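The lines below spell out each chain.
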Amino acid sequence: MFRPDLYQALHTGNDGDIAFYLSRCQAKNTLELGCGAGRISIEIAKTGAQIIGIDEHTGMIDIAKQKATEAGVSEKCTWLEADMEEFDLKKRFERIIIPYSTFYCLPDLSAKRECLKSISRHLTLSGELWFDGYLMPSNEEYEFEGHTEYEDLMEIEVNGQKVKVQEMDQHDQDEQRCMIHYRFLFEDGSMHKEKIHHHYIYPDQIKDLLKQCGLKARYIWADFQGNPLKEDSERMIVCAKLAQ
Ligand SMILES: C[S@@+](CC[C@H](N)C(=O)[O-])C[C@H]1O[C@@H](n2cnc3c(N)ncnc32)[C@H](O)[C@@H]1O
C-alpha cells in the first residue's frame, strides 16, 4: 500500500528548485500538476499567489492541506485529487508548473500529449508552462541496462523513527523507461516497499509534443541558472507558451 508519509520524506526535491519556481511564479496565479505534499506550491502561495495543486493521491493532498494550514496559506490554496493527464478546471493560469521530473510519471508519449493538450486549454495568452526533468544519456554507452542491486540511499526520519532507504533501478533504454524500487527498513526490523515508474523523454521529443499540442518551446535549459543545454547535460528545464 502506498505510504504518502514515506514518499514525502524521501522526495525532498533538487537543489535550488524551490527558489527557481518561486522566481518564475512570484505572485502569479499558478497551477501545479503532481503537487505532492505541496513542497513548492505552498512556498508560491506565501508570495500572495493563488495556487491550485492537482495530485492523483488523496494521501498526498491530505498532507498538502495540513502543511498549507500550518503555513497560514490555506486560503490561497486549492488542492484537487485529479489526474494531470486530462483535466478541465474551466479557468486559465499565468503559470503551470510540473517540477521534479513529475512529467515522467505519465506512462507514455500519448499520456504526455493529452496532458499538454489539457495544459494548452489552461494557459493565458501570456502564460508560461515550466517543468524540469532529468536527462538520460541517449548514446549506447549508458552504464546499465537491466537492473542494479539494492544500494543504501539515505536515512529519513518518519514519525520520530529512523528509516533506512535502499534503492534498486531497472532501466529499458529502448522503451525509455525506468522503474525505481525502494526498500524502507524500519528500526523494529519491518520493511516497506514502493516502486515508481518513469517514462522519460529527450529534448527533441518534448519540442515535437509541444508543437502537436498548440504550444511552443521558449527555452530548454540545462539547469536552474539558465545555462544552455549540452550533449552531456543531466537535466532539462523547459519553458513553453501557447503557440499563437
Ligand atoms: C516526485 S513527486 C513531486 C511532488 C511535488 N511536485 C514536488 O516537487 O515536491 C510526483 C507527484 O506526482 C503525482 N502524480 C503522479 N502521476 C500523476 C498523475 N497522473 N496525475 C496527478 N498526479 C500524479 C504523485 O502522486 C506525486 O505526488
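All of these numbers come straight from a predicted model, not from anything done at the bench.

## Topic: the overall build of the protein chain
Link 1 in the chain: Looking only at helices and strands, the protein chain has six helices and 12 strands in total.
Link 2 in the chain: The C-alpha atoms of the protein chain give 18 Å as radius of gyration, which agrees with the globular expectation for 244 residues (18 Å, within 12%).
Link 3 in the chain: Dimensions of the protein chain along its principal axes, counting C-alpha atoms only, are 55 × 50 × 30 Å.
Link 4 in the chain: Within the protein chain, the fraction of its 244 residues that count as buried is 29%.

## Observations regarding the site of the ligand
Link 1 in the chain: Looking at the ligand, there are 20 residues lining it, with G34, G36, R39, Y100 and C105 nearest.
Link 2 in the chain: Classifying every residue of the shell around the ligand gives nine nonpolar, six polar and five charged.

## So, the environment of D88
Link 1 in the chain: Topologically, D88 is positioned in the loop between strand 3 (77-81) and strand 4 (93-98).
Link 2 in the chain: For the pair D88 and P137, spaced 49 residues apart in the sequence, the C-alpha separation amounts to 35 Å.

## What to know about the environment of L215
Link 1 in the chain: Looking at the element boundaries, L215 is found in strand 11 (residues 215-221).
Link 2 in the chain: Classification of L215 as buried rests on a count of 21 C-beta atoms within 10 Å.
Link 3 in the chain: Along the primary structure L215 and S120 are separated by 95 residues, whereas in three dimensions their C-alpha atoms are 6.6 Å apart.
Link 4 in the chain: Among all residues touching L215, those that are not within four sequence positions of it are L116, S120, L129, L210, A240, K241, L242 and A243.

## Overview of the nonpolar core
Link 1 in the chain: Of all hydrophobic cores here, the largest spans 47 residues; its most connected members are A45, A64, I96 and L129.
Link 2 in the chain: Take this core: its biggest share by element is five residues, from helix 4 (residues 58-70).
Link 3 in the chain: Residues within four places of I96 in sequence aside, it is in contact with L31, L33, I119, H122, L123, G127 and L129.

## A closer look at the domain arrangement of the protein chain
Link 1 in the chain: Annotation of the protein chain at the domain level lists domain 1 (4-135 + 202-242) and domain 2 (151-199).
Link 2 in the chain: Between the C-alpha centres of domain 1 and domain 2 there is a distance of 23 Å.
Link 3 in the chain: Each partner contributes residues to the interface: domain 1 has 11 residues there, and domain 2 has 10 residues.
Link 4 in the chain: Looking at the side of domain 1 that touches domain 2, its residues break down into eight nonpolar, one polar and two charged.

## Digging into the sheet that holds strand 4
As a general point, the strands of a sheet are linked pairwise by backbone hydrogen bonds and lie either parallel or antiparallel.
Link 1 in the chain: A sheet is described by the order of its strands in space; here seven strands give the open sequence 3-2-1-4-5-12-11, paired in mixed fashion. Looking at the sheet topology across the chains shown, the edges are occupied by strand 3 and strand 11. Pairs of neighbouring strands in the sheet enclose a mean axial angle of 20°, with direction left out of account.
Link 2 in the chain: Two elements, strand 11 and strand 12 (residues 235-242), share six bridges in a ladder whose sense is antiparallel. Looking at strand 12, one finds that K216 is bridged to K241.
Link 3 in the chain: Of the strands in this sheet, strand 2 (51-55) and strand 3 are in contact with helix 4, which crosses strand 3 at around 170°.
Link 4 in the chain: Contacts between helix 6 (residues 203-212) and the sheet are confined to strand 11 and strand 12, with strand 11 contributing the most and set at about 155° to the helix.

## What to know about unusual backbone geometry
Link 1 in the chain: Phi at K90 takes a positive value of approximately 55°, unusual for a residue other than glycine.
Link 2 in the chain: Here K90 falls in the exposed class, since 6 other C-beta atoms lie within 10 Å of it.
Link 3 in the chain: Here Q176, not a glycine, exhibits a phi torsion of approximately 60°, which is positive.
Link 4 in the chain: With respect to the secondary-structure elements, Q176 resides in the loop between strand 8 (161-172) and strand 9 (177-186).
Link 5 in the chain: Among the residues examined, Q176 registers 18 C-beta atoms within 10 Å and is labelled partly exposed.

Criteria and cut-off values
- Residues numbered from 1 in each chain as written.
- Predicted model: local features only at pLDDT ≥ 70, side-chain atom pairs only at ≥ 80, totals over all residues.
- Helix = DSSP H or I, 4+ residues; strand = E, 2+ residues; numbered from the N terminus.
- Rg over C-alpha atoms; globule rule 2.2 N^0.38 Å.
- Buried ≥ 20, exposed ≤ 12 C-beta atoms within 10 Å, placed from the backbone.
- Near = placed C-beta within 6 Å.
- Nonpolar A, V, L, I, M, F, W, Y, C, P; charged D, E, K, R; others polar.
- Contact = placed C-beta atoms within 7 Å.
- Core = buried A, V, L, I, M, F, W, Y, C linked by C-beta atoms within 7 Å.
- Domains from an automatic or database assignment.
- Pairing = 2+ DSSP bridges.
- Axes fitted to C-alpha atoms, helices over the stretch in contact; angles between N-to-C directions.

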